[in-house]
Amino acid sequence: MKKGLLILTAGLLLCASPANAQLGGLLKKTAQKAVQQQTDRLLNKGSESATDTQPIETPSGEEGLPTYAELMAQMPALPTAQQLVSYKEAELNEQTMKMMLSPVTNFNSMVLSLSMQAASLSYANMDTAQMMEAAYRNAELSTGLSRQELEKLSTMSEEQQEAYLMAHYQQGKSNQATVDAAVETAKLMEPLEPTINRWGEVDEQVNKLYEQADEQCRAIYKKYAATLAKTEGKNRNRLLINYYTEILPIRIPVVQQAMQLRLTSQLPIAEEIEKGMAGIRAAHPETLTSLVNYPQMTATQYFAEVAKLLEIPEYVEEQ
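Residues numbered from 1 in each chain as written. Predicted model: local features only at pLDDT ≥ 70, side-chain atom pairs only at ≥ 80, totals over all residues. Heavy atoms only, no water.

Here's the deal with the environment of valine 316
Mapped onto the elements of the fold, valine 316 is located in the segment after α14 (294-304). Sequence separation between valine 316 and arginine 218 is 98 residues, and the spatial gap between their C-alpha atoms is 9.3 Å. (Helix = DSSP H or I, 4+ residues; strand = E, 2+ residues; numbered from the N terminus.)

A word on the packing of helix α7 (residues 103-120) against α14
Running from N to C, α7 and α14 cross one another at 165°; their axes reach a closest spacing of 9 Å. Between α7 and α14, the angle is such that the two are roughly antiparallel. Note that α7 runs across α14; the crossing there is left-handed. On α14, the residues that touch Val111, Leu114, Ser115, Ala118, Ala119 and Ser120 of α7 are Gln296, Ala299 and Phe303. Of the residues belonging to the contact of α7 with α14, the class tally is 6 nonpolar, 3 polar and no charged. (Axes fitted to C-alpha atoms, helices over the stretch in contact; angles between N-to-C directions. Parallel < 35°, antiparallel > 145°, perpendicular 65-115°, else oblique. Left-handed = near helix turned anticlockwise from the far one by under 90°. Contact = heavy atoms within 4.5 Å. Nonpolar A, V, L, I, M, F, W, Y, C, P; charged D, E, K, R; others polar.)

Digging into the packing of helix α12 (residues 193-229) against α14
Close contact between α12 and α14 brings their axes to 13 Å; oriented N to C, the two are set at 5°. With respect to α14, the element α12 is oriented roughly parallel. Residue-level contacts link Ile196, Trp199 and Asp203 of α12 to Tyr294, Met297, Thr298 and Gln301 of α14. Partitioned by chemical class, the residues of the contact of α12 with α14 number 4 nonpolar, 2 polar and 1 charged.

Some words on the pattern of salt bridges
Scanning the entire structure with this criterion turns up 10 salt bridges. Close ionic contact of glutamate 246 with lysine 223 constitutes a salt bridge, the shortest N to O distance being 2.9 Å. One end of the pair, glutamate 246, is in helix α13 (residues 233-283); the other, lysine 223, is in helix α12, with 23 residues separating them in the sequence. Taking the relative accessible area as the measure of exposure, glutamate 246 reaches 30% and is therefore partly exposed. Between glutamate 311 and arginine 251 there is a salt bridge, and its shortest N-O distance comes to 3.2 Å. A residue pair is termed long-range when its members are at least 10 positions apart, and glutamate 311 in the segment after α14 and arginine 251 in helix α13 qualify at 60 residues. What makes glutamate 311 partly exposed here is its relative accessible area of 24%. A residue is classified by how much of its surface remains accessible, and arginine 251, at 7% relative accessible area, is buried. What emerges from the salt-bridge pattern is a single network uniting Asp203, Arg262, Glu305 and Lys308. (Salt bridge = Lys/Arg side-chain N within 4 Å of Asp/Glu carboxyl O. Buried < 20%, exposed > 50% of the residue type's maximum accessible area, 1.4 Å probe, protein only.)

Here's what the structure looks like:
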């Protein structure tokens, strides 16, 4: 087994598994180190500014459900630079009403809705009992806790649960369980490694785009760095907005390019991988392969790209 595939698989096992949310607070605590890390950042950002949204049309696919491609195709047009500047100015100056009325808030809410649909799509055909069973199985495998231990936790107070889990994690059982699960899953996925590598190459292309954009933004930031370091309050906010306005012509196109790469290049590869994964899951339902869904990860990353539009990157100068 190649080291790269094992590392990648271990990382994937730390990604989103929406079914775990069905177990409420208990499994959120026990599985928090193994699930939902990939989408939380975007979902939290969106929930802070969400308002009433326009309904998202759900296309009719197999059994009436959309595909990942169909969800991605519903991405609304990106906000204009002017809209982004106006929203960011309101955010920095804590102008809540202006933020609520901004087209950017509605855009964020629509993207949040689409991202949540993508995150839960692989569980859409499961009934409640199946989702609970999947969540329990994934929690058992990824945390090292047995079904009996999980059920025992449900009878404890919150303080007792935290003490029990702390002792469990300090013993390294959860880490070893994740490693063991990653090793087993990586073995099963070895035949798919060449295709997975192609999927990863698109990730590298996206990262390269952002690296190149950062070089340009860093050059612009140098003009503001010294003044920003000694300025506070609204005056600092004005400087940040001026800097943000200058870098948006760089950042908007790179986000568009990154999204296009994920949609047109990475998603077809992800769908190839998923065909192979479907057979592995059917033959080995006892493993954590249910957590490894490349189309879902591609869609989640696609929607997460838009969060970069509202970032104002500040750089530490190398000594």
